[in-house]
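Given next are the chains, with one letter for each unit.
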Amino acid sequence: MLFNSIEFAIFLPIVFALYWLFQKNHRIQLWILLGASYLFYGWWDWRFLGLIALSSFIDFFIGLGLGQTDDPKRRKLLLAASLVANLGLLGFFKYFNFFTEAFVDAFSLFGMSLEKSRLDIILPVGISFYTFQTLSYTFDVYKKQLTPTKDVLAFLGFVSFFPQLVAGPIERASHLLGQFYSPRKFEYSTAVCGVRLIVWGLFKKVVIADNAAILVDEIFSNYQDQNSLSLILGSVLFALQIYGDFSGYSDIAIGLSRMFGFDLMMNFRFPYLAQNINDFWKRWHISLSTWFRDYVYIPLGGSRGSTLFSLRNVMAIFLISGFWHGANWNYLVWGAIHGVMYIPFFINKAHQNLHQEPFWMKLPKIFLTFSVVCIAWIFFRADSLGQALDYLGHLWSNEGSGNYIFSQTKRTMIFGVVAIFSGIMLAAEAYFESRQKSEVLLPSKYLLLLALSIVFFGAFKNHESFIYFQF
Amino acid sequence: MKKFVLKSALYLAVVLLLANGVAFLASFALEKSQFFKPSFLVNAFEPKQKFKVAVFGSSRSLASLDTKIISDQMEGISANFSMDYTALPTTKLMVEHFFAQGFQSEYVVISIDLPDLDSSKTVISENDYRFFPFRKESYVVAYYKKYDEGMVKPLASSAHFPFLGIGYYNMELLGPALISAFKPEYRYQFDELGNFQYPDILGMKERPEFRYFQSALANPILKEIAELTSQNSSNLIIYIAPFLRDDIEILDSCPYVVINHARIINEPKYFSDYIHLVNSGKILATEAFIQDLEKLD
């Protein structure tokens, strides 16, 4: 079920009404949330409900086991069991074909030929998100930073909470799980705040991302015929598409959670206003980057050793982050580009005192950072590493003569819509950032305009799924 | 909670009201314009105009018949009401629209394409939204109800909630509505007699592999069109425009008068692709069509 679908428009009011109808009975509320979340997830493919339930029960019982023993060996064994089970499932569904092919290719280097066999594996929606969420629980319990829960209903609800189930934010048990224990009271101001975020998120998804997708898909499919301008615009449009799509989803998820009395962590903080790559990663997909920081980077030693040792850890995080997105070399290269660009700022600690300059002085740095991000996005969007390099080659050589966007009035109009509304989005973000806010919460009259722009400029004909569902 | 629900309902109502208001204005501007063919038909000609030849069909009839030449060589006004990216169901809708708006024609020429010879798919065509300003006319209501797709059926639902159609086809309708509001006589890529103005492009260089078809034109939609033309005292002519690679033999059991020009032009240079003529080919095809029509006269 997509947030921008008719099914969800029917589903949400029913669940919302039922949920608050039982405001005085917290357990019934939990059952309603759990039922709604499983229905929401099962709408894609009911067969994967077993997978999410299995993943939840494994970590629930491992958590209980960890709570009952202080024996380090036994605790390590339980942690390993959770890792094997969760990463095993993730590895099978997401990386099996990649590793099989890489294995065969490696053998062929030594003159041995093995037959490539692929399995037709359907990737369960959002598996990377909920796997990381349950793992965070086990890690925290293992590190004794969290008391294991005995409330199976709350735990199942925490893992499958429908607003953030399929594309995050990847919540920490220490932040979200506790909210499932306590009774929730309807708060008008929180719910209104939630609706404002939902409308803003829908606007970014339907007006900016889905319109941009129409142009991006064609430019990337026919990049060989396109001139440099068209290819540059293709990568810029993809930057806007993926941001509108993913941050739009996060805004809707956070807004929905507030309507149900939950608080989710921030996932994006105006990333295209970042002044360097270091700053960018403090603003982009925050829930994933902090997850890697807490559960991979710090356990690896973080920055506690020599500079070289720290740089190794930084690079490892970026490569793992790239690989998390998918079993494809381009994601690894995308992660590597960000890693390489991150290192100089990491060494110089350039993120400090970034916000003390006037906005106009920040603009060249913002532009430069955005340009680097756009180049990296080409690797993220392309179907293969070869295609990404070829795309860049054509961009550089200006061999193609076509310009997909400006060769037809309708496409130029779509480009105009994306350009104008992206400008509005970035201006709003700059305004709220200047007021030290991390969310765009527009007043009601602007929300009306936003809603009308969704109705009249939304790409409903190009009804796109959310990009991050595939991860 | 009550306050939240009431306020949400109020804002939703205001959005729906404003959205419908904008959609009504857009629809009104399009209805009074000549931007798309359905409005062009209503606004570009005298009420109850009687045409000599009215051509209905898809891009193939736009690329094959020039009604300026027909009007010059035959007495009376002839016009082309074909729309590209459409199929026979849309052609029938345009014929219904033509008669329902009080127009008449001595000859109604229906250009038929390969996929529609014996049956048509029940799918909405790419340019059916162009009937949006007439969404409350009974024949358009029936058409949208039958062919519109998806859970919301934006065109079918537009009879009552026009913002759904305008919202769904926003890129196709909003811009034209804005242009129409300021310049109602603007026509979208066709002249005063409905002829699409194709740019002069080079013809094909090689002939593709040949294909051969037979048909008795059993498509039930043709029968419905025949009934319409008969009720309105028009002569129905089924026209098969030239192909570069296809030949269609019409079987003797076909009950209609057919001008079959599938193989009348053989040289690739007259075609821009396998099914569309370039401008020089269009002149040849029109001349041949006039000759055959005069034989029928």
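Residues numbered from 1 in each chain as written. Chains lettered and ligands numbered in written order. Predicted model: local features only at pLDDT ≥ 70, side-chain atom pairs only at ≥ 80, totals over all residues.

Asks: Before we move on, can you summarise the overall build of chain B with the specific residues and values?
Replies: Helix and strand content of chain B: ten helices and seven strands. Taking 2.2 N^0.38 as the reference for a compact globule, 297 residues should give roughly 19 Å; the C-alpha atoms of chain B span a radius of gyration of 21 Å, in line with that estimate. Seen through its C-alpha atoms, chain B measures out along the principal axes to roughly 75 × 40 × 35 Å. Every one of the 297 residues in chain B was classed for burial, and the buried ones make up 44%. For chain B, restricting intrachain contacts to residue pairs at least 6 apart in sequence, the fraction spanning at least 24 positions comes to 74%. (Helix = DSSP H or I, 4+ residues; strand = E, 2+ residues; numbered from the N terminus. Rg over C-alpha atoms; globule rule 2.2 N^0.38 Å. Buried ≥ 20, exposed ≤ 12 C-beta atoms within 10 Å, placed from the backbone. Contact = placed C-beta atoms within 7 Å.)

Asks: Now, about the overall build of chain A: what can you tell me, with residues and values included?
Replies: In terms of helices and strands, chain A carries 17 helices and zero strands. The C-alpha radius of gyration of chain A comes to 23 Å, within 12% of the 23 Å expected for a compact globule of 471 residues. When its C-alpha atoms are laid out on the principal axes, chain A stretches across 65 × 65 × 50 Å. Every one of the 471 residues in chain A was classed for burial, and the buried ones make up 43%. Excluding contacts between residues fewer than 6 apart, the proportion of contacts in chain A whose partners are at least 24 apart in sequence is 76%.

Asks: Mind laying out helix α6 (residues 138-147) of chain B, listing which residues take part and the relevant values?
Replies: All names here are of chain B. Along α6, the residues classified as buried are V140, Y143, Y144 and Y147. Taken down its axis, α6 places every buried residue within 95 degrees of arc, on the same side. Of the residues in α6, the exposed ones pointing more than 90 degrees away from the buried face are S138 and K146. Tucked into the core, α6 has its buried residues touching α5 (88-100). (Arc of directions from axis to C-beta.)

Asks: Give a description of helix α12 (residues 307-325) of chain A that names residues and reports values.
Replies: Residues and elements named next belong to chain A. Spanning 19 residues, α12 covers 28 Å between terminal C-alpha atoms, matching the ideal 27 Å at 1.5 Å per step. All of the buried residues along α12 are I317, F318, S321, G322 and H325. The buried residues of α12 all sit within an arc of 130 degrees when viewed along its axis, so they share a single face. On its buried side, α12 packs onto α11 (286-297) and α13 (329-348). (Expected span 1.5 Å × (residues − 1).)

Asks: Can you explain the interface of chain B and chain A? Please cite residues and give values.
Replies: Listed by partner, the interface residues are 19 residues for chain B and 19 residues for chain A. Only α1 (2-31), α7 (162-168) and α8 (170-182) of chain B provide two or more residues apiece to the side of chain B that touches chain A. Here the side of chain B that touches chain A gets eight residues from one element, more than from any other, and that element is α1(B). Residues that form the side of chain B that touches chain A fall into these classes: 14 nonpolar, four polar and one charged. (Nonpolar A, V, L, I, M, F, W, Y, C, P; charged D, E, K, R; others polar.)

Asks: Can you tell me about the domain arrangement of chain A, naming the residues and giving the values?
Replies: Residues and elements named next belong to chain A. You can read the domains of chain A as domain 1 (12-186) and domain 2 (190-470). For domain 1 and domain 2, the distance between their C-alpha centroids amounts to 26 Å. In this complex, domain 1 contributes 25 residues to the contact, which on the side of domain 2 involves 24 residues. Tallied by class, residues from the side of domain 1 that touches domain 2 come to 14 nonpolar, eight polar and three charged. (Domains from an automatic or database assignment.)

Asks: Explain the sheet that holds strand β3 (residues 104-111) of chain B residue by residue, including any values.
Replies: Residues and elements named next belong to chain B. What the five strands build is an open sheet, ordered β2-β1-β3-β5-β7; its pairing is parallel. In this open sheet, the two strands that pair with only one neighbour each are β2 (78-80) and β7 (257-260). Between one strand axis and the next, the sheet turns through 25 degrees on average, direction left out of account. Examined bridge by bridge, strand β1 (residues 50-56) and β3 share six bridges and lie parallel to one another. Within the sheet, the bridge partner assigned to F56 lies in β3 and is I110. (Pairing = 2+ DSSP bridges. Axes fitted to C-alpha atoms, helices over the stretch in contact; angles between N-to-C directions.)

Asks: Report on the packing of helix α1 (residues 6-21) of chain A against helix α2 (residues 26-42) of chain A, specifying residues and quantitative values.
Replies: Residues and elements named next belong to chain A. Taken N-terminus to C-terminus, the directions of α1 and α2 make an angle of 165 degrees; their axes are 8 Å apart at the nearest point. In terms of their interaxial angle, α1 and α2 are classed as roughly antiparallel. Where α1 crosses over α2, the handedness of that crossing is right-handed. Contacts from V15, L18 and Y19 in α1 reach Q29, I32, L33 and A36 in α2. (Parallel < 35°, antiparallel > 145°, perpendicular 65-115°, else oblique. Left-handed = near helix turned anticlockwise from the far one by under 90°.)

Asks: Account for the nonpolar core, naming residues and giving values.
Replies: Of all hydrophobic cores here, the largest spans 202 residues; its most connected members are B:A54 and B:V109. Per-element accounting of this core gives the leading share, 18 residues, to helix α8 (residues 188-221) of chain A. Here this core spans two domains, since at least three of its residues come from each of domain 1 (12-186) and domain 2 (190-470) of chain A. For B:A54, the contacting residues outside a window of four places in its chain are B:A79, B:F81, B:F98, B:S105, B:V108 and B:V109. (Core = buried A, V, L, I, M, F, W, Y, C linked by C-beta atoms within 7 Å.)

Asks: A description of the environment of A:L34 should follow, citing residues and the corresponding values.
Replies: Summarising the element assignment, A:L34 is placed in helix α2. Discounting chain neighbours no more than four positions away, the residues touching A:L34 are A:L153, A:L156, A:G157 and A:S160.

Asks: Describe the confidence of the model for chain B, naming the residues involved and giving the relevant values.
Replies: For chain B, the mean per-residue pLDDT works out to 93, and 99% of the residues sit at or above 70. ipTM for the predicted complex: 0.80, alongside a pTM of 0.87. (pLDDT = per-residue confidence, 0-100.)

Asks: Residues and numbers for the environment of B:R207, please.
Replies: Residue and element names in this part refer to chain B. One can find R207 in the loop between α8 and β4 (211-215). Take R207: there are 13 C-beta atoms within 10 Å of it, and that puts it in the partly exposed class. Residues R207 and N170 lie 37 residues apart in sequence; the distance between their C-alpha atoms is 40 Å. With residues up to four places along the chain from it excluded, the contact list for R207 reads L244 and P268.

Asks: Summarise the pairing of β1(B); cite the residues concerned and give the values.
Replies: All names here are of chain B. Most of β1 is tucked away, with five of its seven residues classed as buried. Sheet topology note: the β1/β2 ladder contains three bridges and is parallel. Within the sheet, the bridge partner assigned to V55 lies in β2 and is N80.

Asks: Outline the packing of α2(A) against helix α6 (residues 152-160) of chain A, listing residues and values.
Replies: Residue and element names in this part refer to chain A. Between α2 and α6, the least distance of the axes is 9 Å, while the angle of their chain directions is 35 degrees. Between α2 and α6 lies a crossing whose hand is left-handed. Facing L30, L33, L34, S37, Y38 and Y41 of α2, the residues of α6 in contact are L153, A154, L156, G157 and S160.

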